[in-house]
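Remarks on the overall topology
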Amino acid sequence: MKTVLVLNGPNLNALGWREQGVYGSMTLADIERSVAASAEKLGLAVRFFQSNHEGALIDEIHAARGTADGIVMNPGAFTHYSYAIRDAIAAVDLPAIEVHLSNVYKREPFRHVSVTAPVMLGVVAGLGPIGYELALQALAAHFEHGR
Ligand code: DQA
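Residues numbered from 1 in each chain as written. Predicted model: local features only at pLDDT ≥ 70, side-chain atom pairs only at ≥ 80, totals over all residues. Heavy atoms only, no water.

**Things to note about the sheet that holds strand β4 (residues 96-100)**
Here is the rule we go by: A strand pair is defined by DSSP finding two or more bridges across the two strands. Where helices and strands are cited, they refer to DSSP runs of H or I of at least four residues and of E of at least two residues respectively, numbered from the N terminus. Every axis in this analysis is a line fitted to C-alpha atoms, fitted for helices over the stretch in contact. Angles between the N-to-C directions lie between 0 and 180 degrees. For this analysis, residues touch if any pair of their heavy atoms sits within 4.5 Å.
The strand order across the open sheet built from five strands is β2-β1-β3-β4-β5, with neighbouring strands paired in parallel fashion. Of all strands in the sheet, those with a lone pairing partner are β2 (45-50) and β5 (122-125), marking the two edges. Along the sheet, successive strands turn relative to each other by an average axial angle of 20 degrees, direction set aside. Two strands pair when backbone bridges link them, and β4 and β5 are joined in this way by four bridges, in the parallel orientation. Among the inter-strand pairings, E98 is bridged to a residue of β5, identified as V123. In the packing of helix α2 (residues 28-42) onto the sheet, contacts are made with β1 (3-8) and β2, and the angle to β2 comes to roughly 165 degrees.

Here it is in structure tokens:
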């Protein structure tokens, strides 16, 4: 069975009360529950991790080497400036998909740039919590067909 590490970066622990007009009312625990249910249907194992700290996220990405087959990551604001997270994803060389709950392209200009996207297999943005499940589906297809 393939294992996917589902990573969430800074402020995503505040989902549920944080800017509900932008991010909706589901908590991270709610999202993780539906992702776990989707994973089960897809025959994937999932491991969840959230941190507000760049180094902790990098350590978890490094730990995925040999313990996970793919990564789904919402890097939060680190998306826009963390070359260190980008380098960590590139280093472990696992298929990774970036997820954003909001459509970053219709928000402030600083959110239009993702320094992490170039090392990802793909990006899902603007579709809300279902984005994590779409990313899992895409990884399942990638594991099966290598696309
Ligand atoms: C986000 C978008 C980022 O710009 C922001 O800093 C976040 C969440 C999203 O899921 O839409 O924290 O990654």
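Picking up after the structure, the text goes on.
**Points about the environment of H100**
This is how the line gets drawn: For the exposure calls, accessible area comes from a 1.4 Å probe over protein chains only, and a residue counts as buried if that area is under 20% of its type's maximum, exposed if over 50%, partly exposed in between.
Looking at where H100 falls in the secondary structure, it is placed in strand β4. By relative accessible area, which is 6% here, H100 ends up buried. When near neighbours in sequence (up to four residues on either side) are disregarded, H100 contacts N74, P75, T79, V123, V124, A125, G126 and L127.

**A few points about the site of the ligand**
The cut-off we apply is this: The nearness test applies per residue and asks whether one of its heavy atoms lies within 4 Å of the molecule or strand. Definition of a polar contact: a pair of N or O atoms within 3.5 Å, with one able to donate and the other able to accept a hydrogen when the atoms are protein atoms, and with sequence-neighbouring residues admitted only if both atoms are side-chain atoms. Computed by Shrake-Rupley with a 1.4 Å probe, the accessible areas treat only the displayed protein chains as cover when residues are assessed.
Around the ligand, the surrounding shell consists of R18, Y23, N74, G76, A77, H80, H100, L101, S102, V104 and R111. Residue R18 places a side-chain N or O atom 3.0 Å away from an oxygen atom belonging to the ligand. Between an oxygen atom of the ligand and a side-chain N or O atom of N74, the distance comes to 2.8 Å. Protein burial of the ligand: of its 320 Å² of free accessible surface, 99% is covered by the chains.

**Concerning the pattern of salt bridges**
For the record, the criterion: Within this document, salt bridges are pairs made up of a side-chain nitrogen of Lys or Arg and a carboxyl oxygen of Asp or Glu, the two lying within 4 Å of each other.
Summed over all chains, the structure comprises four salt bridges. With its nearest N and O atoms 4.0 Å apart, the salt bridge here joins E19 to R18. For E19, a relative accessible area of 45% translates into the label partly exposed. Among the charged side chains, a salt-bridge network with shared partners connects R107, E108 and R111.

**So, helix α3 (residues 54-63)**
We count it as follows: The directions considered for the arc run from the helix axis to the C-beta atoms.
Those residues of α3 that sit buried are L57, I58, E60 and I61. Across the axial projection of α3, the buried residues extend over an arc of 160 degrees, all falling on one side. In the core, the buried residues of α3 are packed alongside β1, β2, β3 (70-74) and α4 (83-92).

**Side note on unusual backbone geometry**
Unlike most non-glycine residues, E19 shows phi in positive territory, near 30 degrees. For E19, the position within the fold is in the loop between β1 and α1 (20-23). Phi at D93 takes a positive value of approximately 55 degrees, unusual for a residue other than glycine. Here D93 lies in the loop between α4 and β4.

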